[in-house]
Amino acid sequence: MYGKFQKYLQDTLAEIEEAGLYKRERNIVSAQGAEITLQDGSKALNFCANNYLGLADSPRLIEAAKKAMDERGYGMSSVRFICGTQDRHRELEKAIAKYFHTDDAILYAACFDANGGVFEPLLTAEDAIISDSLNHASIIDGVRLCKAQRFRYANADMADLEAKLQEAQSCRFRIIATDGVFSMDGNVAPMDKICDLAEKYDALVMVDESHSAGVVGKTGHGVAEQFNCYGRIDIFTGTLGKAFGGAVGGFTTGRQEIIDLLRQRSRPYLFSNSLPPMIVGAGLEMFKMLEESNELHDRQQENVVYFREKMMAAGFDIKPTQSAICAVMLYDAPLSQKFAAAMAKEGIFVTGFYYPVVPKGQARIRVQLSAAHRKEHLDKAIAAFIKVGKELGVIK
Ligand SMILES: *Cc1c(COP(=O)(O)O)cnc(C)c1O
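Colleague: I keep staring at the overall build of the chain and nothing clicks. Help me out?
Modeller: Helix and strand counts for the chain come out as 15 helices and 13 strands. Expected size for 396 residues packed as a compact globule is a radius of gyration near 21 Å; at 22 Å, the chain falls within 12% of this value. In terms of overall dimensions, the chain has C-alpha extents of about 60 × 60 × 55 Å along its principal axes. Evaluated residue by residue, the chain yields a buried proportion of 53% over its 396 residues.

Colleague: In this structure, what is going on with the packing of aromatic side chains? I would like to understand it.
Modeller: Note on aromatic pairs: each is described by the distance of the centres and the angle between the planes. Across all of its chains, the model carries 16 aromatic pairs by this definition. Considering the side-chain rings of Y108 and Y269, the 6.0 Å spacing of their centres and the 65° angle between planes classify their relative orientation as edge-to-face. One end of the pair, Y108, is in strand β3 (residues 104–108); the other, Y269, is in helix α11 (residues 267–270), and 161 residues separate them in sequence. Exposure remark for Y108: the relative accessible area of 2% places this residue in the buried category. Residue classification places Y269 among the buried positions, given a relative accessible area of 6%. Within the aromatic cluster, the residues linked to one another by ring pairs are Y99, F100, F236, F244, F251 and F287. Positioned above the aromatic ring of F349 is the side chain of R26, whose terminal nitrogen or guanidinium carbon lies 3.6 Å from the ring centre.

Colleague: Please explain the pattern of salt bridges as it appears in this structure.
Modeller: Pairs can form between side chains of opposite charge once their charged atoms are near each other. Applying the stated criterion to the full structure yields 31 salt bridges. For the salt bridge of K164 with D160, the shortest nitrogen-to-oxygen distance reads 2.9 Å. Taken as a pair, K164 and D160 lie in helix α7 (residues 158–167) at a separation of 4 residues, close to a single helical turn. Comparing K164 with D160, the two get one shared label, buried.

Colleague: Which parts of the structure should I look at to understand the sheet that holds strand β4 (residues 128–132)?
Modeller: On the basis of which strands lie adjacent, the open sheet formed by 7 strands has the order β3-β9-β8-β7-β6-β4-β5 and mixed pairing. If you trace the sheet from one side to the other, it starts and ends with β3 and β5 (149–153), each paired once. Direction aside, the axes of adjacent strands within the sheet are offset by 20° on average. Sheet topology note: the strand β8 (residues 235–239)/strand β9 (residues 250–254) ladder contains 5 bridges and is antiparallel. Residue pairing for β9: F236 is matched across the bridge by T253.

Colleague: Is there a simple way to explain the state of the cysteines in this structure?
Modeller: Should the sulfur atoms of two cysteines be covalently bonded, the bond is a disulfide. Throughout the structure, instances matching the rule amount to 0 disulfides. C146 takes part in no disulfide bond, and the closest cysteine sulfur, belonging to C171, lies 11 Å away. Take C146: its relative accessible area is 2%, and that puts it in the buried class. Classification of C171 by relative accessible area gives buried; the value is 8%.

Colleague: Looking at this model, I keep getting lost on the packing of α7 against helix α8 (residues 191–200). Mind explaining?
Modeller: Packed helices, taken two at a time, are described by the angle their axes make and the gap between the axes. Closest axis-to-axis distance for the α7/α8 pair is 11 Å, and the angle between their directions is 20°. Put simply, α7 runs roughly parallel to α8. For the crossing formed where α7 meets α8, the hand is right-handed. Contacts between α7 and α8 involve M158, L161, E162 and L165 from the former and K193, I194, L197 and K200 from the latter. For the contact of α7 with α8, the per-class residue count stands at 5 nonpolar, no polar and 3 charged.

Cut-off values and rules
- Here the residue index of a chain counts from 1 through its sequence in written order.
- Per-residue local features of the predicted model are confined to residues with pLDDT of at least 70, and side-chain atom pairs are confined, for both listing and counting, to 80 or more; whole-chain, interface and lining totals are unaffected and use all residues.
- Calculation of side-chain values draws on the structure's entire complement of heavy atoms; hydrogens and water are dropped beforehand.
- Strands are runs of DSSP state E lasting at least two residues, helices are runs of H or I lasting at least four, and both sets are numbered from the N terminus onward.
- In this treatment the radius of gyration is a C-alpha quantity, and the globule benchmark scales as 2.2 Å times the residue count to the 0.38 power.
- Between buried and exposed lies partly exposed: a residue is buried under 20% and exposed over 50% of the maximum accessible area for its type, with that area taken using a 1.4 Å probe on protein chains only.
- Pairing of aromatic side chains here covers Phe, Tyr and the six-membered ring of Trp, requires ring centres within 6.5 Å, and sorts the geometry by plane angle: under 30 degrees stacked, over 60 edge-to-face, intermediate tilted.
- For a lysine, the NZ atom is tested; for an arginine, the CZ atom; a charge sits over a ring if that atom is within 6 Å of the ring centre and within 35 degrees of the ring normal.
- One side-chain nitrogen of Lys or Arg within 4 Å of one carboxyl oxygen of Asp or Glu is enough to make a salt bridge.
- One requirement defines pairing of two strands: DSSP has to find at least two bridges between them.
- For helices, the axis comes from a line fit to the C-alpha atoms of the stretch in contact; other axes are also lines fit to C-alpha atoms, and the angle between any two N-to-C directions lies between 0 and 180 degrees.
- For the purposes of this analysis, a disulfide is any pair of cysteine sulfur atoms at a distance within 2.5 Å.
- Our angle categories are set so that under 35 degrees counts as roughly parallel, over 145 as roughly antiparallel, 65 to 115 as roughly perpendicular, and the remainder as oblique.
- Left-handed describes a crossing whose near helix is turned anticlockwise from the far helix by less than a right angle; the clockwise case is right-handed.
- When checking whether two residues touch, look at their non-hydrogen atoms; a contact exists if any pair is within 4.5 Å.
- The classification used treats Ala, Val, Leu, Ile, Met, Phe, Trp, Tyr, Cys and Pro as nonpolar, Asp, Glu, Lys and Arg as charged, and all other residues, Gly among them, as polar.

Listed below in structure tokens is the structure:
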């Protein structure tokens, strides 16, 4: 049997290769950080990690993780409700709720699971989910797993959202689902307007803070802080794998009864292992760090402003956003790949994106800025952008 199936797989892989979409992984032999070492011994500056607060190699978090392992062991060997809950799991859930100004939180192995398990327990075929068209794959999958009716609105388009809310008025309950920051343009969802429409049309609001928590808002607390929407958003999901340390882990936080019902019914929570003590211990330390000082967020924001201003002065076309994602527009797919490859030769890691990851004719280089970047890192990246940009005729 495998012969025929193997042929099919080989053909599919060849198609991916021919379309220029084959993903190849680069082996890093150092810790994740602003500066990384590759397997051939060369060094590179990393501008494509989601390491927004620079915590991925934080000595303080590494120490906290080790201490937690010494005190509470390596693994839990259980799901939460059988025998996989330590006191610290609850402490971390409380810390998350405190950070987002919500009632309670529930931990998952990843935000992919949080999103996969958030809709199905809460809504039925009588209800409607109204989802932004650029939402993350895990929200799309979560919506698919739920029997509720589906509506899609154009990215951050409030007129379209309003039209879809009107269409969904006959449903029992409605929920609007959106990313906080969209990862391709780095644009922030207009949460104040979304909440206004939710109130007008009697809908709940769910936001995925994966790229926005630790980044947007005056002190980096996410979209509720940025748009002063505390108390107006019913459900937040997020990850511990980006700004919040970069290891692994996800959560849903929000109103008490919502979290309580997820704990009873959410399948990725009920049927998947508890987070290990080291992740929980480091997570607790991470929230303590963010409470003590806003220094990391301040530095990240300074870096964003510095990078963006220098790049625009050099003549690059940058999408205006308020996040730590900076899209350098090239509008040409092969050029985006050539550009990223030339940057790698200069020792700068950035990602070239083109259709179907972004709309046709919207190819770009995505740069992700971090608190870990020092001024000399930024200057080196900007100099490389200018050199490659001139070589490839992008700037004069
Ligand atoms: C990265 C990301 C996720 C997945 O988070 P994991 O914890 O890595 O599973 C979910 N939603 C959004 C919007 C993301 O950017």
